Amino acid sequence: MRALRILHLYPDRMSIYGDIGNIICLQKRMQWHGLQTEYIANTVNEKLQGKFDLIFMGGGQDRGQIPVGNDLQTKKMLIKDHIESGVPALTVCGGYQLFGKYFLTKDSGKIEGISVFDVVTKATEVRMIGNVVCVNDEFGTIVGFENHSGATTLGEDAQPLARVTQGSGNDGTSGFEGIIYKNAIGTYLHGPLLPKNPMLTDFLITQSIQKIDSNFELKKIDDDIAMQANAFAQKLPR
Ligand code: GLN
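In this text, all values refer to a predicted model and were calculated from it rather than measured experimentally.

Visitor: I'd like a description of the site of the ligand, backed by residues and values.
Guide: In the neighbourhood of the ligand, 16 residues make up the surrounding shell, with Asp62, Gln65, Cys93, Gln97 and Gly150 lying closest. The separation between an oxygen atom of the ligand and a polar main-chain atom of Gly94 is 3.0 Å. When the free accessible area of the ligand is taken as 300 Å², the share hidden by the protein chains comes to 98%. Residue assignment for the shell around the ligand shows that the elements contributing at least two residues are helix 3 (94-98) and strand 8 (140-154). The element best represented in the shell around the ligand is strand 8, accounting for 4 residues.

Visitor: Outline the sheet that holds strand 2 (residues 37-42), listing residues and values.
Guide: Reading across from one edge, 2-1-3-4-12-11 is the order of the 6 strands in this open sheet, with mixed pairing throughout. Of all the strands in the sheet, the pair left with one neighbour each is strand 2 and strand 11 (179-181). Across the sheet, the mean angle from the axis of one strand to that of its neighbour is 15°, orientation sign disregarded. Across 6 bridges, the pairing between strand 1 (residues 4-9) and strand 2 is parallel. Looking at strand 2, one finds that Leu4 is bridged to Thr37. Strands strand 1, strand 2, strand 3 (54-57) and strand 4 (89-92) of the sheet are contacted by helix 1 (residues 20-32), whose axis makes an angle of about 175° with strand 1. Its contacts with the sheet place helix 2 (residues 65-84) against strand 1, strand 2, strand 3, strand 4, strand 11 and strand 12 (184-187), and it is angled at close to 150° to strand 3.

Visitor: Outline unusual backbone geometry, supporting the account with residue identities and numerical values.
Guide: That bond from Gly191 to Pro192 is cis: its omega, 0°, falls within 30 degrees of zero. In this structure, Pro192 sits in the loop between strand 12 and helix 4 (198-209). Phi is positive for Tyr17, close to 50°, though the residue is something other than glycine. Located in the positive-phi region is Asn45, a residue other than glycine, with phi close to 70°. Position of Asn45 relative to the elements: it lies in the loop between strand 2 and strand 3. Asn45 gets classed as exposed once you look at its relative accessible area, which sits at 73%.

Visitor: Could you give an account of the side chain of Asn42, with specific residues and numbers?
Guide: Along the chain, the position of Asn42 falls in strand 2. With a relative accessible area of 4%, Asn42 lands in the buried category. At 3.0 Å, the side chain of Asn42 forms a polar contact with the backbone oxygen of Lys47. Non-local contacts of Asn42, meaning those with residues more than four positions away in its chain, are made with Leu7, His8, Leu9, Tyr10, Pro11, Lys47, Leu48 and Lys75.

Conventions adopted
Counting restarts for each chain, with residues numbered from 1 along the sequence as it is written. In keeping with the model being predicted, local features are shown solely for residues with a pLDDT of at least 70 and side-chain atom pairs are shown and tallied solely at 80 or more, while totals for entire chains, interfaces and linings include all residues. Calculation of side-chain values draws on the structure's entire complement of heavy atoms; hydrogens and water are dropped beforehand. Residues are counted as near a molecule or strand when any one of their heavy atoms sits within 4 Å of it. What qualifies as a polar contact is a pair of N or O atoms within 3.5 Å, subject to a donor-acceptor requirement within protein and to the restriction that residues adjacent in sequence count only when both atoms come from side chains. Note on areas: these come from Shrake-Rupley sampling with a 1.4 Å probe, and a residue is covered only by the protein chains present in the view. Numbering of helices and strands starts at the N terminus; helices are DSSP runs of H or I of at least 4 residues and strands are runs of E of at least 2. Here, any two strands with at least 2 DSSP bridges between them count as paired. Only the stretch in contact is used when fitting a helix axis, every axis being a line fitted to C-alpha atoms; angles between N-to-C directions are given from 0 to 180 degrees. By the convention used here, residues are in contact when the closest approach between their heavy atoms is within 4.5 Å. Working definition: with a 1.4 Å probe on protein chains only, accessible area under 20% of the residue-type maximum means buried, over 50% means exposed, and in between means partly exposed.

In structure tokens form, the structure reads like this:
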């Protein structure tokens, strides 16, 4: 099988609270499953073309999201085509916000998103910060760390990623965290997210190989240490 092409959007501008660990985790776990990987980084003012098997984008500060938001508009169609055709994606916090319709900041105006996700985000006076525990029926208990002032509202038919049991999640009031649309996930959870939530990593990997070899079976990986970390994180104070 050919190498899986992982697209990392704006690694130099959108990577905080360990987001890069998601890339390391994906690459390592793909190798454990016997898959080869190819890493492609793309940032502001760089041409983006070709086909990718998985897309990742991390978080960033409001001000830093302005040039990124502008640049994303030039890549909107390519990214949307990928997502619509089922390519998996993971977007964290600032990346999640910019994959939505828009982010209305407090000091930096309105940043247009690329409307992959049916969500809008508005800055609030509250900083939602701390450890998060949330539950998804398929993936189980998801743990991570959030730090955002933007509150994200899902559109009527949008499907949240999980129900929050500790923390704020999307907006601190709805009880929802993140979104899942087709095979794309938007989430506020840093940490990094994937090492402590291997079921999410395997979901992304499974989807990334669908078009190449839908019969490929992932190996059984011993997740004892990862799940110990997950269980430990569930007991951390907010
Ligand atoms: N700047 C955004 C907010 O505060 C995103 C922060 C982040 O990516 N952690 O809402």
